[in-house]
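Here is what each chain is made of, one letter per residue.
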Amino acid sequence: MLTVAVDATPLAGDRTGIGRAVSGLVRKLAARDDLTLVGYGLTAGGWHRVREALPEGSKPARGPMPAAALLRVWARADMPPVELWTGDIDVVHGTNYVVPPARNAARLVSVWDLTAVRYPELCTATSRRYPQLVERAIGQGAWVHTGACSVAREIVDHFGVEPSRVRVIPPGLDPPAAVSTGGQGGPPYILGLGRTEPRKDFPGLVSAFDRIASSHPDLQLWIAGPAGWGEDDLDAAIRSSPNRAKIKRLGWVSDASTLVSRAEVFAYPSIYEGFGYPPLEAMSFGVPVVATSAGALPEVAGDAVVMVEPGDTDALAGALARVLGDEGLRQQLVEKGKNRVARFTWDAAASATRALYEEIAGSR
């Protein structure tokens, strides 16, 4: 029986990529009978939401951990240890780039991508601090988890960590939710989904839509997801679009199942990705996907999507037009997508993670 503390902070916010990955993993781990799970929160004001979001079978830490103050201290010192909040544990798993120092526990940090290293100009000030914290943790013996082999190679190259201490365990994917069959009228639409941050390149999607809109007079572009630090650029792109009346901003949608399932095409024009949940989700609903070949997307999506180079607006527009107009291609993508998503299960992710916990606990 292992006792493991996990950073459950991502459970308290909007469930975008990392939030969904952590939520699914914690849910499965908490249900196991060979593990005691303690959830802690790197947040003071949001601690009550973290506690409420912890799944049955897990235990909350003793209290909140004020993130801003602790991150400043941990960048320079190995105190205070996580056991002050969790009690004695075998492993502490920092699920979102930050793993606290520990008195006795083995340490594991999840690094989902290296955006802050490769594209710091696309990141917030907080995100730009993560590489320093990851490097310090690795120097103190922390192991690293990531979701894709391409990111693992980047981690090894950038941080100089021993490859055997970087482990790839892809997250699972929840089965597609049942969607309403009523009210299916309305215009056809291309869907973009994700936080409006520069890395997602939604302005590029607007430009691609402009190139094909005249050939598809009924087609609209819908963009959904929580507000981020790319709002101004996206707003400017929409205002300057001659087709702005056909572009709909939906904001955060708590359950996007119906929205995704009814899209004509799912578009994912990302500049860089460490995994890529939204394309897989679209595949699970039988929606054809056009995506960029950014980061881990070729590894995750394989040949189940039509891929273009990041930032190539003309290629993106051409790919969208092909998928919209070629029914045979659409059916091929749908079938390949169903086979692709079957590879990503939470049972497999939880079992592999539990085995990794045991290995690193034994290596102390």
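Residues numbered from 1 in each chain as written. Predicted model: local features only at pLDDT ≥ 70, side-chain atom pairs only at ≥ 80, totals over all residues. Heavy atoms only, no water.

Trainee: Mind showing me how you'd approach the pattern of salt bridges here?
Mentor: Once their charged atoms are close, side chains differing in charge can pair, the charge on each being opposite to the other. Inspection of the entire model under this criterion finds 18 salt bridges. A salt bridge links Arg 20 to Glu 281; the nearest nitrogen and oxygen atoms lie 3.7 Å apart. Remark: Glu 281 occurs in helix H12 (residues 277-284) and Arg 20 occurs in helix H1 (residues 17-30); sequence separation between them is 261 residues. Residue Glu 264 is joined to Arg 330 by a salt bridge in which the shortest nitrogen-to-oxygen separation is 3.9 Å. Here Glu 264, found in the loop between helix H11 (257-261) and strand S11 (265-268), pairs with Arg 330, found in helix H15 (residues 327-341); they are 66 residues apart in sequence, far enough to count as distant. By relative accessible area, Arg 330 is classed as buried at 12%. Sharing partners across several salt bridges, the network here consists of Arg 32, Asp 34, Arg 354 and Glu 358. (Salt bridge = Lys/Arg side-chain N within 4 Å of Asp/Glu carboxyl O. Helix = DSSP H or I, 4+ residues; strand = E, 2+ residues; numbered from the N terminus. Buried < 20%, exposed > 50% of the residue type's maximum accessible area, 1.4 Å probe, protein only.)

Trainee: Teacher, can you tell me more about the packing of helix H9 (residues 202-212) against helix H10 (residues 231-239) here?
Mentor: For any two helices packed against each other, the geometry is given by the interaxial angle and the distance between the axes. The N-to-C vectors of H9 and H10 enclose an angle of 15°; their axes lie 8 Å apart at closest approach. Considering the angle they form, H9 stands roughly parallel to H10. Along this stretch, H9 crosses H10, giving a crossing that reads as right-handed. Where H9 approaches H10, its residues Phe 202, Pro 203 and Val 206 are matched on the opposing element by Asp 233, Leu 234, Ala 237 and Ile 238. Tallied by class, residues from the contact of H9 with H10 come to 6 nonpolar, no polar and 1 charged. (Axes fitted to C-alpha atoms, helices over the stretch in contact; angles between N-to-C directions. Parallel < 35°, antiparallel > 145°, perpendicular 65-115°, else oblique. Left-handed = near helix turned anticlockwise from the far one by under 90°. Contact = heavy atoms within 4.5 Å. Nonpolar A, V, L, I, M, F, W, Y, C, P; charged D, E, K, R; others polar.)

Trainee: In this structure, what is going on with the packing of H12 against H15? I would like to understand it.
Mentor: Contact geometry for H12 and H15: axes closest at 8 Å, N-to-C directions at 115°. As for the relative orientation of H12 and H15, their crossing is left-handed in sense. Facing H12, whose interface residues are Leu 280, Met 283 and Ser 284, H15 presents Gly 337, Lys 338, Arg 340 and Val 341. Of the residues in the contact of H12 with H15, the class split is 3 nonpolar, 2 polar and 2 charged.

Trainee: What's the story with unusual backbone geometry in this structure? I'm lost.
Mentor: Outside of glycine, negative phi angles account for most residues, and trans bonds account for most peptide bonds. Cis geometry marks the peptide bond from Met 79 to Pro 80; its omega dihedral reads -5°. Relative to the helices and strands, Pro 80 resides in the loop between helix H3 (67-74) and helix H4 (83-86). Here Tyr 97, not a glycine, exhibits a phi torsion of approximately 75°, which is positive. With respect to the helices and strands, the residue Tyr 97 is situated in the loop between strand S4 (91-94) and strand S5 (106-110). Residue class for Tyr 97 comes out buried when judged on its relative accessible area of 8%. Despite not being glycine, Asp 201 shows a phi value in the positive range, around 55°. On the secondary structure map, Asp 201 appears in the loop between strand S8 (189-193) and H9.

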